[in-house]
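Single-letter residue listing:
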Amino acid sequence: MATATPITHIVVVGGGSAGWLTAGRIAAQHQCATRKDIKVTLVESPNVPIIGVGEGTWPTMRSTLIALGISETTFIKECDATFKQGAKFAKWTTGEESDFYYHPLMLPQGFSQTNLGPYWQMVASELNESFSHAVCFQEAICEAGCAPKSIRHAEFAGTANYAYHLDAGKFTAFLTKHCTEKLGVHHVLADVNRVESNDNGDIKALHTEQGITVEGDLFVDCTGFKSMLLGEHYKVPFIPCDDVLFIDRALAVHVPYDTPQSPIASHTISTAQDAGWVWDIGLQSRRGVGHVYSSRHQSKDEAYARLDAYVRQTSSLNGIEGINVKDITIQSGHRQRFWQNNCVAVGLAAGFLEPLEASALVLVELSASMIAEQLPANRAVMDIMAKRFNDTFSYRWQRIIDFLKLHYMLSKREDSAFWRDNRDSHTIPDSLKELLALWQYHPPSDKDFTSNNEVFPAASYQYVLYGMGFTSDLATHQQWVNADFAKQQLQQNRKARTMAVEKLPKHRELINKIHQFGLQAV
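Residues numbered from 1 in each chain as written. Predicted model: local features only at pLDDT ≥ 70, side-chain atom pairs only at ≥ 80, totals over all residues. Heavy atoms only, no water.

Undergrad: Lay out the overall build of the protein in plain terms, naming residues and giving numbers.
TA: Scanning the protein for helices and strands turns up 16 helices and 21 strands. For the protein, the C-alpha radius of gyration of 23 Å lies close to 24 Å, the compact-globule estimate for 522 residues. Out of the 522 residues belonging to the protein, those deemed buried represent 58%. Restricting the contact set of the protein to residue pairs at least 6 apart, pairs at least 24 apart contribute 76%. Of the roughly 21,400 Å² of accessible surface on the protein, 51% is carried by carbon and sulfur atoms. Averaged over its 48 positive side-chain charges, the protein has a centre that lies 4 Å from the centre of its 56 negative ones. (Helix = DSSP H or I, 4+ residues; strand = E, 2+ residues; numbered from the N terminus. Rg over C-alpha atoms; globule rule 2.2 N^0.38 Å. Buried < 20%, exposed > 50% of the residue type's maximum accessible area, 1.4 Å probe, protein only. Contact = heavy atoms within 4.5 Å. Areas by Shrake-Rupley, 256 points an atom, 1.4 Å probe, with all protein chains shown as cover. Lys, Arg positive; Asp, Glu negative; His and termini not counted. Charge placed at Lys NZ, Arg CZ, Asp CG, Glu CD.)

Undergrad: Mind laying out unusual backbone geometry, listing which residues take part and the relevant values?
TA: The backbone of Lys235 shows a phi angle near 60°, a positive value even though the residue is not glycine. Take Lys235: it is sitting in the loop between helix 8 (228-233) and strand 12 (238-240). Positive phi values are uncommon outside glycine, yet Asn341 reaches one of about 50°. Tracing the sequence through the fold places Asn341 in the loop between strand 19 (339-340) and strand 20 (343-345).

Undergrad: Could you give an account of the packing of helix 1 (residues 16-31) against helix 10 (residues 359-373), naming the residues involved and the relevant values?
TA: What describes two packed helices is the angle between their axes and the distance between those same axes. It is at 9 Å that the axes of helix 1 and helix 10 come closest, and there the two elements cross at 30°. Taken together, helix 1 and helix 10 sit at an angle that is classed as roughly parallel. For helix 1 against helix 10, the interelement crossing comes out right-handed. The residues of helix 10 that touch helix 1, namely those facing Ser17, Ala18, Leu21, Thr22, Arg25, Ile26, Gln29 and His30, are Leu361, Val364, Ala368, Ser369, Ile371, Ala372 and Glu373. Residue classes in the contact of helix 1 with helix 10 are distributed as eight nonpolar, five polar and two charged. (Axes fitted to C-alpha atoms, helices over the stretch in contact; angles between N-to-C directions. Parallel < 35°, antiparallel > 145°, perpendicular 65-115°, else oblique. Left-handed = near helix turned anticlockwise from the far one by under 90°. Nonpolar A, V, L, I, M, F, W, Y, C, P; charged D, E, K, R; others polar.)

Undergrad: I'd like a rundown of the sheet that holds strand 9 (residues 203-208), residues and numbers included.
TA: What the three strands build is an open sheet, ordered 8-9-10; its pairing is antiparallel. What marks the edges here is a single partner per strand, and that holds for strand 8 (192-197) and strand 10 (213-215). Ignoring strand direction, the axes of neighbouring strands in this sheet form an average angle of 20°. (Pairing = 2+ DSSP bridges.)

Undergrad: Run through helix 4 (residues 117-127), naming residues and quoting values.
TA: Taken residue by residue, helix 4 has Gly117, Pro118, Tyr119, Trp120, Gln121, Val123 and Leu127 as its buried positions. Tucked into the core, helix 4 has its buried residues touching helix 5 (131-135), helix 14 (458-467) and helix 15 (483-503). Of the residues one or two after helix 4, Asn128 is the one with positive phi, at around 55°.

Undergrad: Provide a residue-level description of the side chain of Thr427, including the pertinent values.
TA: Note that Thr427 resides in the loop between helix 12 (417-422) and helix 13 (430-439). Engagement of the side chain of Thr427 in a polar contact is seen with the backbone oxygen of Asp424, the distance being 2.8 Å. If near-sequence neighbours (up to four positions away) are discounted, Thr427 is found in contact with Asp243, Val244, Phe246, Lys405, Asp421 and Asn422. (Polar contact = N/O pair within 3.5 Å; in protein donor to acceptor, adjacent residues only side chain to side chain.)

Undergrad: Help me get a handle on the environment of Ala140, residues and values and all.
TA: Following the sequence through the fold, Ala140 ends up in helix 6 (residues 138-143). With 360 residues separating them in the primary sequence, Ala140 and Ala500 have C-alpha atoms 8.5 Å apart. Not counting residues up to four positions away in its chain, the partners in contact with Ala140 are His133, Arg497 and Val501.

Undergrad: Tell me about helix 11 (residues 382-409), and please be specific about residues and values.
TA: Helix length check: helix 11 (28 residues) gives 40 Å between terminal C-alpha atoms against 40 Å at 1.5 Å per residue, within 8%. Burial of helix 11 is extensive: 20 of the 28 residues sit out of reach of the surface. (Expected span 1.5 Å × (residues − 1).)

Undergrad: Residue-level account of the pattern of salt bridges, with values.
TA: Scanning the model with the defined rule gives 23 salt bridges in all. In this structure, the salt-bridge partner of Arg306 is Asp274, at a minimum N-O distance of 2.8 Å. One end of the pair, Arg306, is in helix 9 (residues 300-314); the other, Asp274, is in the loop between strand 14 (268-273) and strand 15 (276-282), with 32 residues separating them in the sequence. By relative accessible area, Arg306 is classed as partly exposed at 27%. According to the relative accessible area criterion, Asp274 is partly exposed, its value standing at 23%. The shortest N-O distance in the salt bridge between Arg379 and Asp383 comes to 3.1 Å. The exposure class of Asp383 is partly exposed, given its relative accessible area of 40%. Several salt bridges share partner residues, and in doing so they unite Glu55, Asp167 and Arg286 into one network. (Salt bridge = Lys/Arg side-chain N within 4 Å of Asp/Glu carboxyl O.)

Undergrad: Help me get a handle on the side chain of His507, residues and values and all.
TA: Within the secondary structure, His507 sits in helix 16 (residues 507-517). Separated by 3.0 Å, the side chain of His507 and the backbone nitrogen of Phe83 make a polar contact. For His507, the contacting residues outside a window of four places in its chain are Thr82, Phe83, Gly145, Cys146, Ala147, Ile264, Ala265 and Ser266.

Undergrad: Outline the pairing of strand 13 (residues 249-256), supporting the account with residue identities and numerical values.
TA: Note: strand 13 against strand 16 (residues 286-293), eight bridges, orientation antiparallel. The residue of strand 16 that forms the bridge with Val253 is Val289.

It is worth stressing that arrangement in space is one thing and function is another; only the former is reported here.
Encoded structure:
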C-alpha cells in the first residue's frame, strides 16, 4: 500500500531540451512556492550526444521562458533564436509550384465572436483570397519577410502571436547554465548502469558507472528513444503508429546563408516531396534543412537526391556534397503509459511523432508544466496523479496523430504511392473519420471538441482543411451566417494586414536591433 512519504527529491535522468526544461520547470515552480524542501537533480551521461534537431517551437515557449525567469533578449542572443509565426505548406495539395497554404499562429479575425469559415466559403470565388490570407494578417507578414514585433515592444509582447526557431544544441547549453546557476538544479554527470527498486516496485536509486548513487522520490525519464526507465526497466510497451503516419527517416543538414545579412524567414517552410517533405528553418546564422521520408516508399539515396536538389534550388550552394548530413531514424508512436509507479517519461522517452507541426517540444512543455504544477505531495496520492497524467497525455497524443494525418489524407497528389497510400481509408483513424464526417456539413468549431486537453484548436483544423481545398455543404448553414458582421471582420483584417506590413520591421532587421539594443524587460 502506498504511504504518505513526502515527495521531496525529483531526479531527472537525461539532459537535452526535455531534461532541462522539466528540471527547470519543477525547480522554478517550487522555488517560488511554499514547498521549499523540493530538491531537483539531473543525471546526464557525458558520453551520449543529444539528437539536436528539434528547432521549432510553439507560442507556449514564451510562457515557459517566463516561468523559468529567462530574459527573451538573452535567449535570442545565446540560442541563435529567431521568431516563428507559423508554417507554410508548399506543394502539399496538388504538387504544383503555385500550391501553398499557411497555418499561422493567430486565430482568425473575430474567432471568439463568429466562425468566418462558412462566409469565406460562400464568397471565396469573388474574394480570390486564401482562407488564411482573408481571415488573418499573419500570412501577409510572413510573405513580406516581416517580424511579429518591433524593437519598441517589451519582451514576450508583439503585434502578432509568435513562437521561436532555435538551435537545439545551444538551447540545451543555455538551459543547463540557467538551471544550475539560477534555479539550483543539481547536475550529475554520470552513466546510469543499474536501477535499484523498492519492495513495492518503485525506483529507489540509480547506480552509475562512476560509482555515484542517486536516490529519489520521483524519477523523470528523459533518456530519449532508449527510454531507460519507463521502457527498459518497467517494460511499458511502445505503441507504434506507423500504420497511420508513414514517415520513419530523416536526413538533416545545416545550410549557411548566402550572405551574413540574408533575409530570415519568420515561418517554418514545409515543402512536400514524392515520399515525404523537406523542412526549412531560418536561424540567425544558418538554416536548418532536412528531408523526412518513408523508407517504404523511397530509398535513402533517393531521399538524399531530393534534399540535395532542394538545397541547390534555395541557396547558392552546389548541393550538399561535403556538408555533414545527420541520418535519423524516426519511431512514430508512444508508450502505452507515461507514468508508472514513481517514474514518468517526458520527451522522446515517452514517444515521438514526425516534426510536421513541431509537436515534440510542446509535449515536453505540457508534461513539465503538469508535473511541476501538480507535483504529488506524497507517495499516497502519486498513483492518482499518474492516472490523471496518463489519461491526459494518451488523449493528447491521439489528437496530434489525427491532426498530422489530416495534412496527408487531404492531399490530391497522384504522383506517388506515398500520397495515394495516405488516402487509404484503412490508414485513417476512426476518430479523424468522425470529425471529417461532421465537417462535411458544418465548419470546424471548438464545440466539436469536448476535452479541455486539446492541443490544436478548431482554428488550426480550419487553416489546414480550407488551405487544402476541403469544402462543407453549407445548405443548412447559410441561413445563420451573419453576412454583414462577417464582411466587417474581413474588412478589419484587410486594414490590419496593410498596417502590419507597413509598420513591422523585416525579420533580420529586428534580430540585429535586439543584438544591438535588447528588448525592454518585462
